[in-house]
Every structure is written in structure tokens, then in C-alpha cells.
Amino acid sequence: MEEEKLNFIEASFLVLTILISHIIMDLPNMIIKSQNSSAVLNVIYITILVLIYFFIINKLFEPFDSKNILSISEFVGGKTLKVILGIIYSLYLICISAVILRGFCETLKIIYFPKAGLWIILGIFLVLAMLANKFGERNIIKINTILMPVILLSVFVIFIALLRNFEISRVFPLLGNGVKSTFVDGALNMCSFSGFIILFFVRPNLKNVKDYKKVGIVSILLSASYLVLSVASSLLLFPFLTANAEVLSVYLSACTIRFGKFMPRTDALFMFIWIFTFISYLSIIVSYIVKFSKESISPKSPSIATYISAIAIFIVALLPQNSTQVHFFQNVVYKYLSITIVFILSFVILLIGYIKKKKLNKTREIQ
Amino acid sequence: MNFFRKLIYDLTNDKNDEYQFILGENNSKTNPELPNELQKNQKVYDSLDVNLEYVHSRFNSLINSDVVIREFLINVKGKQFKAFILYIDGMVNTDSINNFVLKPLMLKNYSNQFDGPQVVSEAVASNILVRRIKKFNIVDYILDNLLPQNDVEKVNDFDKIAQDVVSGNCMLFIDTVNFAFDIDAKKFDKRSIAEPKNEPVIMGSQEAFVENLRTNTSMLRRNLCNENLIIESLSVGKSDKNQVAVCYIKDIANSDLVAEVKYRLNNLDVDYLISVGELSQLIKDDMDTSLPETLSTERVDNSVSYLLQGRVVVIYNGCPYVLIMPATILDFLSSPEDVNVNHVFANLFKVIRIISFCITLLLPGMYVAIVTYHEEVIPTELLFSIVASRSNVPFMVIVEILLMEVSFEVIREAGLRVPTPLGSTVGIVGALVLGQAAVEADIVSPILIIIIAITGITSFSIPDYNLGFHLRIHRFVFILLGFLGGFLGIVAGLFMYLLNMCSLRSFGVPYMAPYAPLILKNNSGYFVKPTWKREFRNSALDPKKKRVQGKTSMKWRT
């Protein structure tokens, strides 16, 4: 049973998978578009904000030992709130993963499978996620632990390989569109860390709850490095990136890498790694949706929850009619939905729970 | 004249008098299932005649030419008792039976003629000699005085008697005694200890296991001087009842692991087993995977090394390979030579093996994927060359590669089956002549020959035979996936493949340990540490003793 629990590296990599998949989606493009030359500075800034946010969250979690946000919501508002929150989180994950998957599959379709139907590519990913869930969440995390170092390495390779092509002057002016744009409006770019949501649920799975802080810091810093390198690669490489570019910005960066005459194009190799990331990501998302449904509505068979969640992602992913709508979902819906659910709603629930717990403890002490 | 006579006979008579044998027809009448009453925990009778009749019946001595039953009279203290011995000719040492069983019992000598009291002890007190005399008992007397053998047991169960007789023991039955003397007099021809044929090393021991169980256990004992080495005997199979030895070091191996191994071996409902290969398939955790879950080795030093790590070794009588359990994927990619050489060399070999593993499994599939979907990965000049070489080939790349892969497997299989001197000829004819002819005839492209050759060569660098088989089969799956979905197909397959590996366990130990789950404590992982730094045993095995050596193993330096 002890083996079912995660050590801090496994837990960090679990959180990282979600964070990095969101980054690969097209976040660098979105950040560069909104911040221009201050994109790197903005990423550093939001990283600091997220770290501060995490320290607060960690403090708020302390009285609850190894409970997750759903258990805390039950403590705050009873079973009803738990069910409502379970449904909200499930819908959020379905929507976000569907948008991310759609963006990635569109890229795959354009590059490699122009004749294949989009639904086939989407279907392959979702069938794999369903099959992966048959092996259980623990095995998905195990494979994730093996793959993550390779995934992390890929962005460093891209960055280093592109170093000689970088135009450093593109980071100037440092403040881009201005102080307000970088530090006030730019704070909304915290949505890049929407994978943070897993940190609200990972606590009960940890072998040692004291590792929670370490898990949070490591995963945030590693994903921030990934984001910084991705943003820097795109910013320093291209004079401009349009929001409506039909392929991923990290892919565009990878396309320009040349390793001499023998390897003129290496983007397929990076795509190879990113496909791994997305399958892993989707498997984790489906397993978490199943977990939420188990905790909140206790379905008779977890397999049914797996199928339903995969089909739901499939349907939502097919909803946008064209790439403009996909970009709208990625740049607007994703941003505000993530900020609302991950950074506001979860925080409010946790804060109320914390206050209630403190009051309860005080009352007990008085008695 | 005779011809015409036969012709007339054939025309006038039906041909239904021709001899025909069809197995299985009228099975119930001619080949009824024999009653099993003789084998139901029958105890030895008091009467020698009844025992004799039973033994005749049970061992089918009237039709069994090598079952010997020798009746004779025993001389004890001047009296005579009827007796017989039972053994299988060719499995016992007849000199030993003649000189140390029959002679002392039959011929007159001091021991069997002595009629005085049997003194247990004597003492002199006040000039008076006090003797303790044992009451005469024929059984004790025979056992103590007339059977000068080192290993004699009293057995009263005919099942045990039958099992020991077929193992090469000699049974002595005496009238009025309701048990038999089980005398160890084994001697049969066996292969002498030789060098390992399939796992050669340069700097290690050159001894390999043989077919005889006792020789194998003795080799383990000789190589592992530790009184805590336990060798437990079990029998497997209902008809065959072959001996299996479960070996482990009591103060190192996890007790639960040992219990689990014994539990699985004791709960096999099979009539017989031929080799450890069959046994390993019957005791593996996951039946659906073709991945091996137990290591097999013919090397004694390798087995000793695994025993010292806290694993269990199972020796099967009649097979020169032993099973080692539990095993992880990393063990299948390790060679016994790894610990003998400097860790830098060992790790280099290990990296090469990992690369070989990936190439063997993925290269043909990757080639198909790249040629079909991802041409941009190939340098432009090379791409032109590939396209030019394939321009005259009439087949699709998938047909071309499957054709060559299947041909390669056929050549490999044929090379194994033909007599050894011809094996290399088949290889040369198959690989060189056919390959070149196929290229010249534009059936396949030259680049494909290179791909198949590299894949074939790398597959030989996989140390474990069973893992090699597994990779050969799965290569075809990846070829199909590469053709259907390019890198997407290969990644999908690889993800599921790795996921399956992550879900496996070998006797409770995760198959991908220590990487999945990640076990950080006391593990060197796949790579070999310097000899002086190998402080701990593999924690995935949860051994009783965690430490292998002190913090400073080279105390002479301090």
C-alpha cells in the first residue's frame, strides 16, 4: 500500500506534466503577444507571484494534514459543496484538456496527417488515455516519472541549439508595453500555471506530507524554467509571432534548429517527445476526473467514469469550428477560466476552510 | 504368372483386410484410464509377501526390465529373516549394494553372528562392572550394525518409497517389519561440469551448471561458503515428481519472498515438467505478457551473486539452467561480466546494451515511419539516395520491410535447426547471397538491408535469450504502428509498452524498479558503481541485510 503513495520526485513530475503540457500548448505565443519584449520579464514576475501564492496555499493547507481541496470543501459546506466542486473541477479539466488537445491535434494534422480527419487523431489520444487508465493511476505516474527528464531536456536542447540564432536586442525595451502592462495586466498570465490545480489534490497521495512544500516549489520552478526557455526561444528567434499562427510556437522554434548538414530538421524528434507528453497528460487528466467523480459522486464503476470523461473531452475538443475559435478558447476562455477556478475559487474554499478550522480549534481549546 | 494370380485375387476380393492403425479410436475399450488405487498413500504392510506383491504391481516389474527385486535371507544373531531389496538398475551403485547391503546382511560375519548382549554403556563402581544393555530389536540392530551406509532412513509410505526408488535409492524390506529401509546408493552416468556455452565471460568462473541437481547444489555450496545458504527440496509434478531445489540465504533473502516462491512451486497442478523454461512460465506473475519475469542462467558465479543480493535460486533436476527470482528489466540487460571489469567499462557496455535494446525494438518501425511520414528528419542527400534506391522497388515500404524481417527470422531459425557445421553456411547463404541477390533484383532497397542487418546484430547483444525473443516479436508491432501513424503510432505503442512494463511485477518487485516507482534510497540503478562504493543491496528486494560492505571498504587505505 505504501508503494501507492508518491515520493516527492514522482509528485513533482506529476504536477510538471500538467504544467508543461499547458506550456507546450501555445502559452509562449500568448505571453509574447500580450507582453512583447517584456515577455521574459513577465514570466519571471508571474513565477514569483505563483510562488508567493503557493506559500500561502501551503500555509492554508497545514491544519488539514493530508486532505485535498474536495475533502476540505466537504468540511466547509458539506457533501453538497463537495459534489458541486467535484463537478466544477471535472468540467474545468474536461474543457481545458479538450482545448489543449485540440490545439495539439490541429498542429499534428497540419504537419503530418493533412488527409486524416481531426476526429481520428483526437480519437487516438483519447483511446490511449482510456487504455492507460485501465492500468491504473499509479502506473501512469510511474511512466510519467520515466518520461519527464526527457521532456525537460527537450526544451533545454531547443534553447541551446538556437542560442547562436538569438537576437538579444529583441528583449528591449525591457518593460515592453509599459509597467502597467507587464506587472498589472500581465499578472493574468498566471494562468500559464493552471496546472497548479493538481497541487490542490496531490497532498493525500504523498508518502510524506511534509514534502508538499518541496513538491510545489520544485514543480513551479522547473515549469517556470521551461516557460522562460520556451518564451525566450520564441522571442529572441522571431521578429514577431502572430496569435493566429496555426502551429505551436515551440514547434516553430524547433523547426529552425540545424545540427549541421546531417540533421537539417529535428522538429519531428521533438514532436516525438511532445506526443509522449500529451498522452501522459491526457491520461493523468482522465485519471483525475475519475478520481473527482469517485470522491464526489461515487460512481458504481470507475471504468464508466473513464469512458464518459474521455468521450466528453472528445466532444468538447470537436466543438470549435475552426482554428480562430480554437485560438479564442486558448487565449481567452482558458485564461479567465483558469484564473477563476484554479487561483480564485480554490483559494476561497481553502481560506474559508482554514478560518473554520481555526475557529473550531479555538472553541475546542476553550471547552 | 504370379502377377496375374495377384491381379485376379485383388479384383475378386475387397481391400478391407489392409493393416491400419488409428490412434484414439475405441479409446475407451482398449485404452481405459487405469485405476489409481495403488497410489493412494499406501503404507508398508507387516507381511513381506504382501509388500512384495504390492511392489511387483506398483513398479510393473513383470514388464519393467530395469526394476530389480532381489529376495534373500538375512542372518541376524543366528536367526534368518526373509527380505528383499528393490532398486532400478542403472541408477544405483551396484558395488555399494553388493558390499554394503547384501554382504553384511547375507554372509556370515562377526556382526550378524554375534549373539551377546548389545552394550549401550558400561562403568566400574567399587570394582563392580555395571553395563547398560539394550533390549534386542531387529530393526535397530540392522540399522546400527548391519547397514554400513551413511544415509539410511526408515520409510513407511509407498509414495515416498516409489519417489526415492525412481530417484536412485535402494529399498530394503524385511518380513514382519512395517517399513522399509531407504538406502541412498545413487550412482548414474552424468555429464561432467563444463564451461558455460551461452554465457561466456572472460574474467569470471568457467563453471556451468549440469543436469544433475545434487551436482548443482554442491557447486553452489562450493562457491558460496556460508552456512546460512539454505537448499530446500520440493517435488513438482504429479506423474513425474521431479526434484526442485529452492536456494536462498536465510539471513539475507526476504522471508516473504522465499515463502511466495515455495507457495507457487507447491501449488502447481501439473503432471510433469520438462525444463525450467516451463517452470518459469508457470510461476510468473503476469500471464499475458511475453516479457520474461525470472532470470535463467547456467553460470554458478552468477547464481551466487544473485543469492548474495537476496534473491532466490530455483534448481530443477534435469536442467542445466537455474531460475533466479525476482528479476527486473534491468537484470535482463545486465551481463555477469559487468561486475568483473572496471565500472567505467561495465557502464559503457550497459549503455551499448540499452542502445541495442532500442534499436532492436524500434529501428525498423522508425525507418518505416520516417520514410512514410517524416522524411524531413533525413538529410537531403541521404533522402535522395534512399528515394533513388527505392525507385525500382515495386513494393510499398511496409511490404519490403516485412519481407526482409520475415526472411531474416527464417534464416535465423534455419541456422539454429541445421547441424552446427552447416549453421554458418546457412547464415552466409541467407544473409550475403540472398541479400545481395534481392537488392540486385530490385526486390528490396540497399538501405533496407542495412536497417535489417543493424537490427539483427543489435538483437544479439541482448544478454537474455527470452528478452531477445520478446523484442523480435514486438518489433513487428512497431513496424505496423510506424506505417499506420508514423511517430504518433510509434509513440502510442511505446507508451502502452512502457505502461505495461510499469504495471508488471516479478514476485512482488516492480518490473521497472528502481526507476518506476522511483526508489531513491540505496540504489545504484542500471549503472554499476565502483566496487568500493557498492555499499547496499538493492532495496527493491527488501533484503534482511541492507548493507553489503562497510562505509570504508578499503580499510587498508585509512
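These remarks concern the structure in this document. All figures in this text were calculated on a predicted structure; none of them were measured in a lab.

Before going further, it helps to examine the overall build of chain B. Secondary structure assignment for chain B yields 18 helices and 14 strands. Rg of the C-alpha trace for chain B: 33 Å, well past the compact-globule value of 24 Å for 558 residues, more than 25% over. Seen through its principal axes, chain B has C-alpha atoms that stretch 110 × 105 × 40 Å. A burial count over chain B gives 44% of its 558 residues as buried. Taking the intrachain contacts of chain B between residues at least 6 apart in sequence as the baseline, contacts between residues at least 24 apart amount to 64%. A total of about 29800 Å² of accessible surface is found on chain B, and carbon and sulfur atoms cover 57% of it.

Contact with chain A, which involves 35 residues of that partner, is made by 31 residues of chain B. The largest share of the area that chain A buries against chain B comes from F135, I143 and F272 of chain A, three residues that together contribute 18% of it. Where chain A packs against chain B, one counts 0 salt bridges. Taken together, chain A and chain B are joined by 3 residue pairs in polar contact (both at pLDDT 80 or more). It is helix α9 (residues 267–296) of chain A that provides the largest number of residues to the side of chain A that touches chain B, a total of 9 residues. Partitioned by chemical class, the residues of the side of chain A that touches chain B number 23 nonpolar, 5 polar and 7 charged.

The next thing to look at is unusual backbone geometry. In this structure, P326 of chain B follows M325 of chain B across a cis peptide bond, with omega equal to -5°. On the secondary structure map, P326 of chain B appears in the loop between β12 (322–325) and α12 (329–332). The linkage connecting A513 of chain B with the following residue, P514 of chain B, adopts the cis geometry, with an omega of 5°. One can find P514 of chain B in the segment after β14 (509–510). Residues other than glycine seldom take positive phi values, yet N36 of chain A does so here, at roughly 55°.

It is worth spelling out the sheet that holds strand β10 (residues 295–297) of chain B at this point. Residue and element names in this part refer to chain B. Strand order in the open sheet made by the 5 strands is β8-β9-β11-β12-β10, with antiparallel pairing throughout. Each having just a single partner strand, β8 (229–236) and β10 make up the two edges of the open sheet. Sheet twist, expressed as the mean angle between neighbouring strand axes with direction ignored, is 25°. In terms of strand pairing, strand β9 (residues 242–249) meets strand β11 (residues 312–316) through 4 bridges, oriented antiparallel. Residue pairing across strands places A245 opposite I315, the latter belonging to β11. On top of the sheet, helix α11 (residues 300–309) reaches β8, β9, β10, β11 and β12; it is set at about 55° to β9, its chief contact.

Here the focus is the packing of helix α5 (residues 137–162) of chain A against α9 of chain A. Residues and elements named next belong to chain A. It is at 9 Å that the axes of α5 and α9 come closest, and there the two elements cross at 145°. When the axes of α5 and α9 are compared, the crossing they make is left-handed. Judged by residue contacts, E137, I140, N144, L147, V150, I151, S154, V157 and I158 of α5 engage F270, I273, W274, F276, T277, S280, S283, I284, S287, Y288 and K291 from α9. Here the residues of the contact of α5 with α9 sort into 12 nonpolar, 6 polar and 2 charged.

About the criteria used
Residues numbered from 1 in each chain as written. Chains lettered and ligands numbered in written order. Predicted model: local features only at pLDDT ≥ 70, side-chain atom pairs only at ≥ 80, totals over all residues. Heavy atoms only, no water. Helix = DSSP H or I, 4+ residues; strand = E, 2+ residues; numbered from the N terminus. Rg over C-alpha atoms; globule rule 2.2 N^0.38 Å. Buried < 20%, exposed > 50% of the residue type's maximum accessible area, 1.4 Å probe, protein only. Contact = heavy atoms within 4.5 Å. Areas by Shrake-Rupley, 256 points an atom, 1.4 Å probe, with all protein chains shown as cover. Buried area = accessible area lost by both parts, 1.4 Å probe. Salt bridge = Lys/Arg side-chain N within 4 Å of Asp/Glu carboxyl O. Polar contact = N/O pair within 3.5 Å; in protein donor to acceptor, adjacent residues only side chain to side chain. Nonpolar A, V, L, I, M, F, W, Y, C, P; charged D, E, K, R; others polar. Pairing = 2+ DSSP bridges. Axes fitted to C-alpha atoms, helices over the stretch in contact; angles between N-to-C directions. Left-handed = near helix turned anticlockwise from the far one by under 90°.

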